Every structure is written in structure tokens, then in C-alpha cells.
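Single-letter residue listing:
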4 protein chains.
Amino acid sequence: MASKGLAIIAGVGPGTGASIARRFAKLYSVVLLSRTPGNFEPLVQEINSNGGKAIGISTDVSDPNSVKSAFDEIEKQFPDSPLAASIFNPAGGFVKKPFLELTNEDYAGALDSQAKGAFYFAQRSLPLLLKAKESSPHPPTLIFTGATASIKGSAQFAAFASGKFALRALAQSLAREFGPQGIHVSHTIIDGIIDIPRTKQWVLPHEDAKLSPDSIADSYWYLHTQPRTTFAFELDLRPYIEKW
Amino acid sequence: MASKGLAIIAGVGPGTGASIARRFAKLYSVVLLSRTPGNFEPLVQEINSNGGKAIGISTDVSDPNSVKSAFDEIEKQFPDSPLAASIFNPAGGFVKKPFLELTNEDYAGALDSQAKGAFYFAQRSLPLLLKAKESSPHPPTLIFTGATASIKGSAQFAAFASGKFALRALAQSLAREFGPQGIHVSHTIIDGIIDIPRTKQWVLPHEDAKLSPDSIADSYWYLHTQPRTTFAFELDLRPYIEKW
Amino acid sequence: MASKGLAIIAGVGPGTGASIARRFAKLYSVVLLSRTPGNFEPLVQEINSNGGKAIGISTDVSDPNSVKSAFDEIEKQFPDSPLAASIFNPAGGFVKKPFLELTNEDYAGALDSQAKGAFYFAQRSLPLLLKAKESSPHPPTLIFTGATASIKGSAQFAAFASGKFALRALAQSLAREFGPQGIHVSHTIIDGIIDIPRTKQWVLPHEDAKLSPDSIADSYWYLHTQPRTTFAFELDLRPYIEKW
Amino acid sequence: MASKGLAIIAGVGPGTGASIARRFAKLYSVVLLSRTPGNFEPLVQEINSNGGKAIGISTDVSDPNSVKSAFDEIEKQFPDSPLAASIFNPAGGFVKKPFLELTNEDYAGALDSQAKGAFYFAQRSLPLLLKAKESSPHPPTLIFTGATASIKGSAQFAAFASGKFALRALAQSLAREFGPQGIHVSHTIIDGIIDIPRTKQWVLPHEDAKLSPDSIADSYWYLHTQPRTTFAFELDLRPYIEKW
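Looking up chain A in an unreviewed UniProt entry gives the name Short-chain dehydrogenase/reductase SDR, with the organism given as Penicillium cataractarum.

Quick look at the overall build of chain A
A count of helices and strands for chain A gives 6 helices and 7 strands. In sequence order, the secondary structure elements of chain A are arranged as β-α-β-α-β-α-β-α-β-α-β-α-β. Computed over C-alpha atoms, the radius of gyration of chain A comes to 17 Å, within 12% of the 18 Å expected from 2.2 N^0.38 for 244 residues, which places it in the range of a compact globule. Taking the principal axes of the C-alpha coordinates as reference, chain A spans close to 55 × 40 × 35 Å.

Focus on the relation of the copies chain D and chain A
Expressed as a screw transformation, the operator carrying chain D onto chain A has a rotation angle of 180° and an axial translation of 0.0 Å, and the superposed copies differ by an RMSD of 0.0 Å. What the superposition gives is, in effect, a two-fold axis relating one chain to the other. Taken as a fraction of all interface residues of chain D, those also at the interface in chain A reach 100%, which identifies the copy contact as same-surface.

Digging into the interface of chain C and chain D
Listed by partner, the interface residues are 32 residues for chain C and 31 residues for chain D. The three residues of chain C that bury the most area against chain D are C:Arg228, C:Tyr240 and C:Trp244, which together make up 27% of that side's buried surface. Scanning the region where chain C abuts chain D turns up 4 salt bridges. Joining chain C to chain D, the criterion identifies 18 residue pairs in polar contact (both at pLDDT 80 or more). Among the secondary structure elements, those contributing two or more residues to the side of chain C that touches chain D are helix 5 (158-178), helix 6 (213-225) and strand 7 (231-238) of chain C. Here the side of chain C that touches chain D takes 8 residues from strand 7 of chain C, the largest share from any one element. Across the side of chain C that touches chain D, the residue classes break down as 15 nonpolar, 8 polar and 9 charged.

Here we look at the environment of A:Lys53
Residue and element names in this part refer to chain A. Secondary-structure assignment places Lys53 in the loop between helix 2 (37-49) and strand 3 (54-58). Classification of Lys53 by relative accessible area gives partly exposed; the value is 36%. With 68 residues separating them along the chain, Lys53 and Phe121 place their C-alpha atoms 22 Å apart.

Regarding unusual backbone geometry
All names here are of chain A. In the Ramachandran plot, Gln156 falls in the positive-phi region, its phi being about 70° despite a non-glycine side chain. Tracing the chain through its elements places Gln156 in the loop between strand 5 (141-147) and helix 5 (158-178). Overall, Gln156 belongs to the partly exposed group, its relative accessible area being 27%. In this structure, Asp208 is a non-glycine residue whose phi angle is positive, near 60°. Tracing the sequence through the fold places Asp208 in the loop between strand 6 (184-190) and helix 6 (213-225). Judged by its relative accessible area of 34%, Asp208 is partly exposed.

With respect to the relation of the copies chain C and chain D
In screw terms, the move from chain C to chain D is a rotation of 180° and a rise of 0.0 Å along the axis, fitting with an RMSD of 0.0 Å. Most of the interface of chain C is mirrored in chain D, where 97% of its interface residues are also at the interface.

Topic: the side chain of A:Arg176
Position of A:Arg176 relative to the elements: it lies in helix 5. For the buried A:Arg176, which has no salt bridge, the nearest side chain bearing the opposite charge is B:Asp191, at an N-O separation of 7.6 Å. Looking at A:Arg176, its side chain comes within polar contact range of the main-chain oxygen of B:Trp244, at 2.6 Å. For A:Arg176, the residues in contact, after removing those within four places along its chain, are B:Trp244, D:Lys152, D:Gly153, D:Ser154 and D:Ala155.

Topic: helix 6 of chain A
The end-to-end C-alpha distance of helix 6 of chain A is 19 Å, a good match for the 18 Å that 13 residues give at a rise of 1.5 Å each. With 10 of 13 residues buried, helix 6 of chain A lies mostly within the body of the structure.

Observations regarding the interface of chain D and chain A
On the chain A side, the residues contacting the 40 residues of chain D number 40 residues. Applying the counting rule to chain D against chain A returns 18 residue pairs in polar contact (both at pLDDT 80 or more). Secondary-structure elements contributing two or more residues to the side of chain D that touches chain A are helix 4 (104-131) and helix 5 (158-178) of chain D. If you tally residues by element for the side of chain D that touches chain A, the top one is helix 5 of chain D, at 14 residues.

Things to note about the environment of C:Lys152
By secondary structure assignment, the location of C:Lys152 is in the loop between strand 5 (141-147) and helix 5. It is 11 Å that separates the C-alpha atoms of C:Lys152 and C:Asp191, two residues lying 39 residues apart in sequence. For C:Lys152, the contacting residues outside a window of four places in its chain are A:Trp244, B:Gln172, B:Arg176, C:Ala161 and C:Phe165.

Some thoughts on the pattern of salt bridges
Residues and elements named next belong to chain A. Applying the stated criterion across every chain yields a total of 52 salt bridges over all chains. The salt bridge involving Asp60 is made with Arg35; its shortest N-O contact spans 3.9 Å. Here Arg35 lies in the loop between strand 2 (29-34) and helix 2 and Asp60 lies in the loop between strand 3 and helix 3 (64-77), a separation of 25 residues in the sequence.

Comments concerning the side chain of B:Arg168
Mapped onto the elements of the fold, B:Arg168 is located in helix 5 (residues 158-178). Residue B:Arg168 is classed as buried on the basis of its relative accessible area of 17%. B:Arg168 has contacts with B:Ser150, B:Ile151, B:His187, B:Glu234 and C:Phe165, leaving out every residue within four places of it along the chain.

A word on the pairing of strand 2 (residues 29-34) of chain C
Residue and element names in this part refer to chain C. When you tally the buried positions in strand 2, you get 6 out of 6 residues, the bulk of the element. Of the two faces of strand 2, the one carrying Ser29, Val31 and Leu33 and the one carrying Val30, Leu32 and Ser34 are both buried. The sheet contact formed by strand 1 (residues 6-10) and strand 2 spans 5 bridges and is parallel. Directly across from Leu6, in strand 2, lies its bridge partner Ser29. With helix 1 (residues 16-25) bridging strand 1 and the parallel strand 2, this β-α-β connection has right-handed handedness. The parallel pair strand 2 and strand 3 (residues 54-58) is bridged by helix 2 (residues 37-49), and the resulting crossover is right-handed.

Quick word on the packing of aromatic side chains
As enumerated under the stated definition, the model contains 50 aromatic pairs over all chains in all. Arranged with centres 5.4 Å apart and planes meeting at 80°, the rings of B:Phe119 and C:Phe99 form a pair that is edge-to-face. A residue pair is termed interchain when its members come from two chains, as with B:Phe119 in helix 4 (residues 104-131) and C:Phe99 in the loop between strand 4 (83-88) and helix 4 (104-131). Summarising the burial analysis for this pair, B:Phe119 and C:Phe99 share the class buried. Members of the aromatic cluster, connected to one another through ring pairs, are A:Phe99, A:Tyr107, D:Phe119, D:Tyr120 and D:Phe178. Above the plane of the ring of A:Trp244 lies A:Arg238, whose end atom (NZ or CZ) is 3.9 Å from the centre.

Section: the packing of helix 4 of chain B against helix 5 of chain B
All names here are of chain B. Contact geometry for helix 4 and helix 5: axes closest at 7 Å, N-to-C directions at 20°. Here helix 4 lies roughly parallel to helix 5, going by the angle between them. Judged by the sense of rotation from one axis to the other, the crossing of helix 4 with helix 5 is right-handed. Together, Asp106, Tyr107, Ala110, Leu111, Gln114, Ala115, Ala118, Phe119, Ala122, Leu126 and Leu130 of helix 4 and Ala158, Ala159, Phe160, Ser162, Gly163, Lys164, Ala166, Leu167, Leu170, Leu174 and Phe178 of helix 5 make up the contact between the two elements. Looking at the contact of helix 4 with helix 5, its residues break down into 17 nonpolar, 3 polar and 2 charged.

Parameters and conventions
- Residues numbered from 1 in each chain as written.
- Chains lettered and ligands numbered in written order.
- Predicted model: local features only at pLDDT ≥ 70, side-chain atom pairs only at ≥ 80, totals over all residues.
- Heavy atoms only, no water.
- Helix = DSSP H or I, 4+ residues; strand = E, 2+ residues; numbered from the N terminus.
- Rg over C-alpha atoms; globule rule 2.2 N^0.38 Å.
- Least-squares fit on C-alpha atoms with pLDDT ≥ 70 in both.
- Contact = heavy atoms within 4.5 Å.
- Buried area = accessible area lost by both parts, 1.4 Å probe.
- Salt bridge = Lys/Arg side-chain N within 4 Å of Asp/Glu carboxyl O.
- Polar contact = N/O pair within 3.5 Å; in protein donor to acceptor, adjacent residues only side chain to side chain.
- Nonpolar A, V, L, I, M, F, W, Y, C, P; charged D, E, K, R; others polar.
- Buried < 20%, exposed > 50% of the residue type's maximum accessible area, 1.4 Å probe, protein only.
- Lys, Arg positive; Asp, Glu negative; His and termini not counted.
- Expected span 1.5 Å × (residues − 1).
- Pairing = 2+ DSSP bridges.
- Right-handed = clockwise from strand over helix to strand, strands pointing away.
- Phe/Tyr/Trp six-rings, centres within 6.5 Å; stacked < 30°, edge-to-face > 60°.
- Lys NZ or Arg CZ within 6 Å of the ring centre and 35° of its normal.
- Axes fitted to C-alpha atoms, helices over the stretch in contact; angles between N-to-C directions.
- Parallel < 35°, antiparallel > 145°, perpendicular 65-115°, else oblique.
- Left-handed = near helix turned anticlockwise from the far one by under 90°.

What follows is the structure, given as C-alpha cells:
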């Protein structure tokens, strides 16, 4: 019997990453990467209790050795599972500050977690995605999570926007190189506040004014299920009430 | 009992429009608009035979009186059906020519069918979409079909690109005005050759190198089903092998 | 002796058009096109009194016959003057209204004055610009004036943005077709309030918060003087204090 | 007597940087930063022999301590000169390779020289530019040199495009934060091959098919001389024959 496919989600906190993991766990085994085990442990337990298959690996995506270890572990634990989807969704690098107050660490941190992290993650994911072309139920998919700052460098966002612009450049370049090889590379632009535990207390003047993590996850799943005749590269998602 | 929802599709030939009609007919009554009855008649019959409900109305979207007549007819035939989705998908205005060979009619034709047509169609659709907010199963949706020429004015495409840029401007403006009123306005960028009867004989060097109309239709359906917390405005669709 | 070069400016009111005319009149004979003779008469007199050469022709750029007459008149009056620069700068089509209050005339008006007007103007200008390649002191230049609405379809700007997006599509297409033939086609994005008589009474919280028409004219002149090794296509201009 | 203004150019090889230095040396004292003294020494001599004032400082812009030393040296040597212009133009980080062949060093190198280098350079330049607001003959100016890869992530350009996208994000963010404080921040998109010693032997099918470094320098000078009523942020420059 063919092995179940695999999905790797980097950046799994209590928000979008968790929703994506739950969504992809309906069909695939899922691997959850986060620096802090506390971020994935309850989710691993939840998915496994519900009949899915999940593991978590403590990983710092901005450290190439940590990413290497994680993928070595994945290949050891799932030697026969085709990698159907690899999703890059870490939250790091967000900082809003007057430019002259940014530290070298602030700026490097945004590039490390968004750009370099995505680079290491993509370099490890792509060989596995290419190998899965025949066996994955849907075209093997690599999705990067962007933000408003992916296309607009606002005042006081020099660091975060640099990281997110760089991530988008990477995604475009990979879509153009690996699309013709059958890999679906996508980039999303999450333009608004996501409705997660951390933002629960932010009261907005309209109801439904925050992005639903489950709906974002549905979008990722939709992207994943597109056939290779009809790949979307970029998708912007925002609440109906958002100014843009 | 509540009336079934309604979807209106403007621009129904044997390609994308037909696929969209079939897809939306699974849940809604569908109204097909095309200048030529021959374009919608077989489809109307097909949908009605398969247990769906479809009518066709011969309409020239670039003529405001014709659009008015069509919507008057729709309201007469479906007085109690909430308008769940209105889709603007006409093919007109495509012309590729050295600029100095374009006629005034070529240029006006592209603006008439893409920009003015969309304007008339949107002005008639939006009051019905607004009225359907409580009764539509998904947020009432207005989708416009764009093309590569929506974001790039290539040489020899002055007329078509003018029409498609204008259409995108209209779509953006409506998304910003009617999004906060709960209407989901979207714009797609179809970047490649669509696999329709007219392009069947075009042999491309790779298989699956043409966009699938059914998959495009799935994308429109996906956009329609998004909740208002998580609206996508723009979606670019292309075959995996497409250069962009 | 070689004839002095020629510059045609379409859209000459008391603002940017007048400044452009004065700037180009330092080196060229200038032809000023405006629907209302009152718009160009004082300027024609001023330029001629100052040792320049100017004529005005009452022209409705949205009417192809009127544009034809104007160019016939230009060729009659300046049979030996190479057309060095042709600048499309009409103000028409601006309208801000809730979408459902826009009339068919509002929408058509924006397309007529911005898109169709530019089309007619470019079709008449380009053959003359091509003929001037050897004799123009700088590469023959065709510049289109855009606005914020050229790249953003804001709420209530459906008509104006449609016209300005279409104009930008036209400009891009012409740059790609005629650049390789040695014609410099450019598009500017004027992003802010211009300091003209009509806006004098608008008091803004900061000084220098409005665009200077003379500085805009300097930018057009700078674009015109670029050599063909180093053409700029697009230039965005805004006051230092502008939010964008 | 007021001190002559100062311009700092980071990235001075035999191409664009040298042309910019010569152009700005007509009005200002110039400081040339390059890792390799051989890059600036002949130019320093040339400018000083021609009646200008130039110094070179060996600087690695990707090293914050090296940038700090350079600016300390500048302030020591020119304690009374207002910083009129600071230009970031380093060539580093260019690499074209299949993605899976990129090394961690390739990717980090592009971010280091383009993004981090620009960050360190901007953090040191901006306090001096702000201080020069009253004394600089033109609004103090900070210009960043971009490339095609600043707006398009092409296949095999993942590293370079990441660096250039990040640089553009930084430039946008600074324009929005420091424009209202009177500093002119600009970004150029150099889209084509520059005519420099290294590219001399590349024979192209058309004459004038390479960008002229002197004309690029003229563009930078033009940007610098714009008044604060009329700042351009972005300028794309390409040879007339370039495909885009």
C-alpha cells in the first residue's frame, strides 16, 4: 500500500500554522516545526487523538543546521511518504520602530527568520517535493506566507518589510524555476489582523474584522489542490472591512 | 421555502464561461448572457436536463439598454432569488496589431466590451447583490475576469491592455467601496492559453500547457465561498509551464 | 538653416500644461491644444512676447476629427519643424462619486478624455515623432500625465481610475513598441495636489505641500533630454509631505 | 564662508559609481567608499587634479564596524560640510545559479551586501542628512541603486532578487518616514546592461544598447536637485532597445 503523503509546516503557533496543520492533517501526516516545543505539543496530541498523524520537531528555521537536523529526522521517520506540501509560515522578524532606533539585530533578525529561514527550508523541501511528483495526490506544493509588508514598505517597517519583500522575491524565483518542473509554488499576502489568541482582546469597530485562521488554511488547501494546468501564484487575503 | 440563489454569468462561450455556469449551477439557478444565443442555448439545455435551472438572455454588455433589458428580465423571472454571484467574463476587445494600424473602432471596441460593459453590468448587479446579503448562502460575489494584459501593456496590445487595465481599476475601486458593505469583489488574471475548442488545434511542446476551464471555474467557486473575514481580491492563474 | 523643433502640448490650462509649455518653449516652437481658447490665448501671447514661438489650436482630444484637424493645421503651419516632443496632459474625466451614482456619461467621459483622447493624440503624434528621429536635438519624446489613480483604484474613483489605468496601459504598450524605434515614451504619476490657481485657497497644514507645476515641467524636460541609452519610462512625483 | 557640501558614494568601481562621483564632484566634496582601494584611488586622483575634492575610504558596507569607521573618518575630515547626498550603489551579491546549487554563503552574501549594507549605510547617513537640511543647496538626498531584480524574481535569481527586493523595501520605508522630514529618498531600477569596462566586449546586435553610466549619473543628479514640493521616489532606466 502506498504511504500516506506528508505535509511540513514551519511556524506553528496557536494561529494560522495550527489551522493549516489541522487542515492538511485530514489527508496527510503532518510535521510541525517550531522553535518552542510548547507551540506544537498540544497540536500534535490533538491531531493524533483525532485519528491523524502528527509529529513536532523543535527547529530554528534561521539556523541551517537546525533545519538540516529537522529534515534528517523527517526522512528517518517518514522514509516512504511523498512530500505533498511544504509550508513556510514563521512569525519572526516583526518589528515596528523609527528607523534610527532599529538595532543591527532587529534588521538581521527580520532577514534571518523570513528570508534566510525560507531559503534553508526551500532548499531542503524542494528535492523531496520533486521526488514526490508521481506519488503526491496533488501537485507537490510549496507555500510561503506573506503580509502587507510584502508589497509595501511603510514607515517604521524597514526591517520587517525587507524580510517580507525578500521572501516574496524568493517565492517568485522558485515559482519560475520549479513551476515548469511540476512543483506548485505560491505566496500569500495576509493583509490584516488574524484572529488568534494574542489578538483576541483587540476590539475592532466591526464584527468579523479579523482574518479567520481556518479560512486562511482553507485557502492554502485550495492552492494545494489546483492541478498543474491552473496554478495560482499569489493570493491576497483580507477582512471585508480592511482599508487597502 | 427560501428561493434558490441565483448566479449571472456574462460572457458564456464554449470555454470558461460554460465551465463557470456548470459549476455555479450545482447550487444556484444560473442566467447566461451572451450576444449570440447559439453560445448559451446548448448549455441552457444541458444544465436543465441535468436537474439544474438555467436560462439564457441574448445581451450585448456594451449596450446599456441591452444590459438593462437583461436585468429587467432576470428580476421578472427570478423575483425571489437572491443574487449570490455575478460574473463578468466576456471575451470581446482582443486585438493584436501594430499601434498605427489600430482603428478607432478597435480601440473603442476594447474599452466598450471590457470597461463599459463591466461598468453597466456592475451597476445592475450591485443593488441585487446588496439586497442578497442576508439570504445568500455565501457572501454575494462579483468577479471580473482579467488577463495578462490586465497588468502588462505589451507591444501591439494597446487596445486590449487599455480595456483590461480599465477593468482592473473598476474591480479594485468596487472592492474598496463594496467590500466593507459585505460584497466580495474579485479580479482574476488568466495568464496563458485556455484549453477551449478554438485552441484545441494549437499544439504546445508540453502536455497540460493550457489552462483548464473547469479548474478556472473551481477557482471562481472557491472565491465565492470565502467568508467575509477572509476575502481574496486577486488571483493569478497560469499553467505550470507558462513563462511569466 | 534647420528649422526649430516643435513641441505639442495637449491639455493646457493655467497649471502644469502652461509650465510645460513655457519650459519647452525655451528651445522649441510650441503648439498648445485645449478645448477652450481662453486656456491658451494668454500663454500664447506671453510666449510670443518673450521671444518664443507659440500657437494655440482649439481642440477636443476626445474627438478624432478635432484631433485630425489640429494636426493638419500643425503640419501646415510647421511643415519643416521636426516634432521633438508631444505631451498628453488633459485634465478631463475626474469624477469622485459613490459608484451607484455614476452616470453612463461620467464613466464614458473618463475613458473618452483619458484613454481615447490619448489614443487619437498618439496615433497622430507618432508618425511625426518617427520622422523627427534624425533631426530632433533629443530623442523624440511622447509623455503621458498620470495620477495616483493610474495605479490605485480607490473607492468612488471607478471612472477616473478606469481612464487613468487605460492611459497607463497605452503608454506601456507604446514604450515597448516604439522605444526600440528610438522614440522615448514616458508616463508620470502625479501623486498629490498641484499648486495651481484653482487649488490656491486649499490651505494645507504644511508649507510646500503642493506639487510645483514648474518642477513637474522640469521633470518632463529632464525625461525629454535623456539619451536613448538611458530612457526612463515611469516617474512618480509627490510633495515630500504626501502620504503614500 | 559656508563649507562646501558633501556627497558620499558607496560602491565605486569603474562604472556607475565613478560617473556619479564625477557628477556630484562638480558641486560637492565627494567621499568614495569601496572595499578595494584600487577601485577609488585613480578616481580620487582624477577628481582632485581637476579642481574637485575627493577622498576614498576602504570600507566593507556589509560590516557595521567598517561603516562606522568610515563615517567617523568622514566626520573628522569634513566636520563642517553638510551632507547633501548619500548614494548606495554597491555591486555585490549578484549570483545566477539553479536554486539547489546556491550555497548558504551565496544567499547570505546577497542579503549582506544589498540589504544589510544599505541598512548600515542609511543609519549612518540619515542623521547627517537631517542635520544638513538648512545648509544643503538641494534637499538632502539618499539614493539606492536597484535593478531589474528589484521588482522581478526571475528563475535562478533567488539570492540576488532577495537582496534587491529587500533594498527596495528599505528605500520605500525610508522615503515614507524621512520624506516628511525633508529628506529626499529615491530608488532607481537599472534595467539593462551598463556600458562599463567589464561589459565592453559584450557585443549586442544594436548600437547604444547598453546604459550609459554618465547618463545614469545625470539622473541621480536630477533626482538630487528636485525641490521638496516635487520629489520622485522611483525611476526606471533602460536602453531604448531593451525588452521589458
